[in-house]
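What follows is the residue order along each chain.
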Amino acid sequence: QPSTFADALRFIGDNPGFLATKALEQLELAGAALLVALVVALPAGVLLGHIHRGSSVAIGASIVGRALPSLVLIGVFLTVLGIGFVNNMVALAVLATGPILTNSYDAVDGVDRDAVESARGMGMTSRQLLWRIELPLAIPLLFTGIRVAAVTVVATAPIAAIAGGGGLGDVIVNQASYRLPGVLGALLCVMALSAGV
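In short, a report on the structure.

What counts as what
- Per chain, the residues get numbers from 1 upward, laid out in the order the sequence is written.
- In keeping with the model being predicted, local features are shown solely for residues with a pLDDT of at least 70 and side-chain atom pairs are shown and tallied solely at 80 or more, while totals for entire chains, interfaces and linings include all residues.
- Heavy atoms from the whole structure form the basis of all side-chain values; hydrogens and water molecules are not counted.
- As used here, the term nonpolar core means buried Ala, Val, Leu, Ile, Met, Phe, Trp, Tyr and Cys residues forming a set that is joined through side-chain atoms within 4.5 Å.
- In this scheme, a residue with accessible area under 20% of its type's maximum is buried, one over 50% is exposed, and one in between is partly exposed, where area comes from a 1.4 Å probe on protein chains only.
- Only DSSP runs of H or I with at least four residues qualify as helices, and only runs of E with at least two residues qualify as strands; both kinds are numbered from the N terminus onward.
- By definition, a salt bridge exists where a carboxyl oxygen of Asp or Glu is found within 4 Å of a side-chain nitrogen of Lys or Arg.
- Paired rings are identified among Phe, Tyr and Trp, the last through its six-membered ring, by centres lying within 6.5 Å, and are further divided according to the angle between planes into stacked (under 30 degrees), edge-to-face (over 60) and tilted (the rest).

What about the nonpolar core?
Judged by nonpolar contacts, the single largest core of 29 residues is most densely connected at Ala 33, Leu 34, Leu 92, Ala 96, Ile 100, Val 153 and Leu 168. Of all the secondary-structure elements, those providing two or more residues to this core are helix H2 (16-51), helix H5 (85-109), helix H7 (126-156) and helix H9 (175-196). Among the elements that line this core, the one with the most residues is H2, at nine residues. Counting residues in hydrophobic clusters, the runner-up holds 13 residues, among them Ala 107, Val 116, Leu 129 and Leu 142.

What follows is the structure in structure tokens.
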């Protein structure tokens with residue numbers, strides 16, 4: 001309804017500091033999860049793409065990452081890591097691993113074979129091929145995977161509020177305190193964050 005939307009915008013205007021703090025909490029969680037996923041998935045995808053093996057691993061990671069609901073992952077990690085930041089970060093990192101691993105594999109594996117063979121004919125070693133030929137040519141697709149993962153994590157992070165994750169999800173899951181305009185206002189903030197990534 002138009003009035004509810006207007007009330008949501010009014011809620012944002014009346015609470016900029018509060019919403020900014022919650023948005024920063026969410027970005028901190030999403031950033032940590034993305035960093036963990038990058039450290040794990042990016043080198044693995046690049047290596048597998050370089051040796052042209054493990055496509056099933058990359059595709060499988062992508063399927064698992066998309067098929068497992070974040071809420072289920074958070075619930076599973078609750079038993080091991082407890083409630084809080086680390087639990088939510090690990091669950092979101094698992095979610096981000098799929099697109100990063102798949103795109104990094106595809107990016108390096110799909111580099112023009114003629115360019116690789118020409119460089120190999122000039123006497124380049126395997127490591128030189130990777131750093132001087134394959135990675136520079138793979139960068140656009142590598143960054144596409146990172147951006148997809150970043151948008152996914154930022155948009156999904158509000159779910160973490162259920163397990164003490166904080167962020168804008170605290171507002172979204174607490175309609176009793178913030179009413180519908182507050183919930184919708186926080187959702188609009190999540191949309192803006194996701195669009196800005």
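A short note on the pattern of salt bridges
For the coordinates displayed, the defined rule picks out five salt bridges. For the salt bridge of Asp 7 with Arg 10, the shortest nitrogen-to-oxygen distance reads 2.5 Å. Highlighted residues: Asp 7 and Arg 10, both in helix H1 (residues 2-14), separated by three residues, approximately one helical turn. Linking Arg 113 and Glu 134 is a salt bridge whose minimum nitrogen-to-oxygen distance equals 3.9 Å. Residue Arg 113 is located in helix H6 (residues 113-121), and its partner Glu 134 is located in helix H7; the two are separated by 21 residues in the primary sequence. A relative accessible area of 2% places Glu 134 in the buried class. Members of the salt-bridge network, linked through shared partners, are Lys 22, Glu 25 and Asp 170.

Observations concerning the environment of Arg 132
Residue position: Arg 132 is located in helix H7. In this structure, the C-alpha to C-alpha distance between Arg 132 and Ala 119, residues 13 residues apart in sequence, is 9.1 Å.

Examining the environment of Ile 139
Mapping Ile 139 onto the fold places it in helix H7. Judged by relative accessible area, which is 40%, Ile 139 ranks as partly exposed. Through-space distance from the C-alpha of Ile 139 to that of Ala 107 is 7.4 Å; in sequence the pair is 32 residues apart.

Observations concerning the packing of aromatic side chains
In this structure the tally under the stated criterion is two aromatic pairs. With a centroid separation of 6.3 Å and an interplanar angle of 80°, the aromatic rings of Phe 11 and Tyr 178 are classed as edge-to-face. Remark: Tyr 178 occurs in helix H9 and Phe 11 occurs in helix H1; sequence separation between them is 167 residues. For the pair Phe 18 and Tyr 178, a centre-to-centre distance of 5.7 Å together with 25° between the ring planes defines the contact as stacked. Of this pair, Phe 18 sits in helix H2 while Tyr 178 sits in helix H9, and the two are 160 residues apart along the sequence. For Phe 18, a relative accessible area of 29% gives the class partly exposed.

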